[in-house]
Amino acid sequence: MKRFLSILTVLFVLVLTTVAFSQVEITFWHNMQNPIDKAAIEKAVKAFEAKNPDIKVKLVLVPGSETETTKLMTAVAAGTGPDVYYLDRFTVAQRAHYGVLEPLQDYLEELGVDVKKLEDNFFAFTVKEATYRGKLYAMPWDTDARVLFYNKKLFKEAGLDPNKPPQTIKELDEYAAKLTKMKGKRLTQIGFVPWRGQGWHYTWGWAFGGKFYDPAKKKLIFADDPKILKALKWEVTYAKKYGIKNIDAFFSAYRGGSAPVDPFMIGKEAMRVDGNWLIAQIEKFAPKGFEYGFAPIPAPPDGEKNSTWAGGWSLVIPKGAKHPKEAAKFLAFMGTKGEEIYAEGTKHFAASKAATLKVVNEYPEQKVFYELFTGPNSHCRPVIPVGALLWDKLTEAWNDALYGKKSPEKALKDAQNEVQEALDKAFKEESSK
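Residues numbered from 1 in each chain as written. Predicted model: local features only at pLDDT ≥ 70, side-chain atom pairs only at ≥ 80, totals over all residues. Heavy atoms only, no water.

Even after reading the chapter, I still don't get unusual backbone geometry, so can you show me in this structure?
Leave glycine aside and you will find that most residues have negative phi; peptide bonds, for their part, are mostly trans. Although it is not a glycine, Asn 306 adopts a positive phi angle of roughly 60°. Here Asn 306 is to be found in the loop between strand S13 (292-295) and strand S14 (308-309). (Helix = DSSP H or I, 4+ residues; strand = E, 2+ residues; numbered from the N terminus.)

Quick question: what am I supposed to make of the nonpolar core here?
Core analysis: the largest hydrophobic core is formed by 55 residues, its most contacted members being Leu 108, Leu 315 and Phe 330. No other element matches helix H14 (residues 324-346), which puts nine residues into this core. Not counting residues up to four positions away in its chain, the partners in contact with Leu 315 are Phe 28, Val 84, Tyr 85, Tyr 86, Ala 138, Met 139, Trp 141, Leu 331 and Met 334. Formed by 31 residues, the second largest nonpolar core is a distinct cluster that contains Phe 222, Ile 228, Leu 232 and Leu 423. (Core = buried A, V, L, I, M, F, W, Y, C linked by side-chain atoms within 4.5 Å. Buried < 20%, exposed > 50% of the residue type's maximum accessible area, 1.4 Å probe, protein only. Contact = heavy atoms within 4.5 Å.)

What is the right way to look at the sheet that holds strand S3 (residues 84-88) in this model?
Within a sheet, adjacent strands bond to each other through the backbone by hydrogen bonds, running parallel or antiparallel. With respect to topology, five strands assemble into an open sheet ordered S2-S1-S3-S15-S6, the strand pairing being mixed. Edge positions in the sheet fall to strand S2 (55-61) and strand S6 (139-140), since each has one partner strand and no second. Here two bridges tie S6 to strand S15 (residues 313-316), and the two strands are oriented antiparallel to one another. Directly across from Met 139, in S15, lies its bridge partner Leu 315. Its contacts with the sheet place helix H2 (residues 35-51) against strand S1 (24-30) and S2, and it is angled at close to 165° to S2. (Pairing = 2+ DSSP bridges. Axes fitted to C-alpha atoms, helices over the stretch in contact; angles between N-to-C directions.)

Can you walk me through the sheet that holds strand S7 (residues 146-151) in this structure?
Taken in spatial order, the three strands make up an open sheet running S12-S7-S13, and their pairing is antiparallel. Each end of this open sheet is capped by a strand with a single partner; those strands are strand S12 (271-275) and S13. Strand after strand, the sheet turns through a mean of 35° between neighbouring axes, direction not considered. Of the strand pairs in this sheet, S7 and S12 are connected by five bridges, and their pairing is antiparallel.

Just to check I follow, could you spell out the environment of Leu 136 for this structure?
On the secondary structure map, Leu 136 appears in strand S5 (residues 135-136). A relative accessible area of 3% means that Leu 136 is categorised as buried. Sequence separation between Leu 136 and Lys 337 is 201 residues, and the spatial gap between their C-alpha atoms is 19 Å. Residue contacts for Leu 136: discarding those within four places in its chain leaves Pro 103, Leu 104, Gln 105, Leu 108, Val 115, Glu 119, Ala 130 and Thr 131.

So what exactly am I meant to see when it comes to the packing of aromatic side chains here?
Two aromatic rings are characterised by how far apart their centres lie and by the angle between their planes. Per the stated rule, a full pass over the model turns up 40 aromatic pairs. Taken together, a centroid distance of 6.5 Å and an interplanar angle of 80° make the contact between Phe 149 and Phe 264 edge-to-face. In this pair, Phe 149 is assigned in strand S7 and Phe 264 in the loop between helix H12 (244-252) and S12, connecting sequence segments 115 residues apart. Given a relative accessible area of 0%, Phe 149 falls into the buried group. Relative to Phe 369, the ring of Phe 294 lies with its centre 4.9 Å away and its plane at 45°, an arrangement referred to as tilted. Remark: Phe 369 occurs in helix H16 (residues 366-373) and Phe 294 occurs in strand S13; sequence separation between them is 75 residues. A network of ring pairs unites the aromatic residues Phe 90, Trp 200, Tyr 202, Trp 206, Phe 212, Phe 222, Trp 309 and Trp 391 as a single cluster. A cation over a ring is seen here: Arg 146 above Trp 309, with NZ or CZ 3.6 Å from the ring centre. Positioned above the aromatic ring of Phe 251, the side-chain terminus of Arg 196 is 3.9 Å from the ring centre. (Phe/Tyr/Trp six-rings, centres within 6.5 Å; stacked < 30°, edge-to-face > 60°. Lys NZ or Arg CZ within 6 Å of the ring centre and 35° of its normal.)

I'm lost on the pattern of salt bridges in this one. Help?
Pairing is possible between side chains that carry opposite charge, provided their charged atoms lie close to one another. Applying the stated criterion to the full structure yields 25 salt bridges. Among the salt bridges present, the one from Lys 319 reaches Glu 102, with a minimum N-O distance of 3.9 Å. Taken together, the residues Lys 319 in the loop between S15 and H14 and Glu 102 in the loop between helix H4 (92-97) and helix H5 (105-110) connect sequence positions 217 residues apart. With a relative accessible area of 15%, Glu 102 lands in the buried category. (Salt bridge = Lys/Arg side-chain N within 4 Å of Asp/Glu carboxyl O.)

Here it is as structure tokens:
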């Protein structure tokens, strides 16, 4: 009997050794530093590995932003890139245009994946963002919606009704003034700052009723739209009223240290535009008893009521990936079961319709976001081969105006001219391919 058990042990060790020896390791670069997102992605990866013991996923945290992909571009050029990369979906067209990404369809079909059926599982705009010139280059991952979050306790202290958040820009300005506290020239509590959180150029441009791009003419039009200009000029009033340097100094005090503090969650920032992912963060990190509410983004009378926009990330296979077939298998799993795990762990919308509806049904607070997300005034960013450049130049234009480096008119015009030139060039390159 002992000899039999010994033989079994040896065989078991041999099997484990064989599996380990034949196991392929794929590298996955991502930028999910938030503890909630990080835990959810790790759980999804473990689920994939359990189902596919022949593939090991090495998670590598690579800090970045919506458009910061310098490390990826450098690695791809040197032939040392990862097998999978976490890419903001609206930039897929630009990265595909410049040859940084592998098209996915052939790899997925080789695995027996019905790509059309897979795409039908996602919200249509997420597939559009993941596609370039008719080819799928990315696996849609998540999506979201944006609203105005506000601190109910601070509302009550300022004599405001905590159940009546501002609905118009006029009300927002009035509330912001009542909720702001200063000691001399120093800010000690901020009522509202338009560009904080998710208060991007797109956020307020759309809320004011403006348009950024004309797809029929393939022309950028934001610098010629009086409503975009009106939105930017309105934001500049905050920079001037409270002092842009004073505002920066106020928020910089909460960024330092090993554990940065969110001023909204500790009662120092009364209102902020942000996404539905903030709910899970508030539940985990805000002080016990934290009272907050959320409402549609305020708009001017001639603006867009219930305006919001949806973004989201994706998983891609960079050019030169060492294990593209295994990477495609990982993407196929993450685009189905993986998204469900992530959405459940983060209480965040997925690109998958079913996974999102599950979140909405399980967490009632997400219904408001879903109604806005699926409403008539829900936007997504232009799908163009210079989408990342457009984002960067819009951000630069906003900052130039806020910091007084340029007038709002010149900032917008300069940005539009530069990006339009790049866009025309990209379209010309497409037609010659």
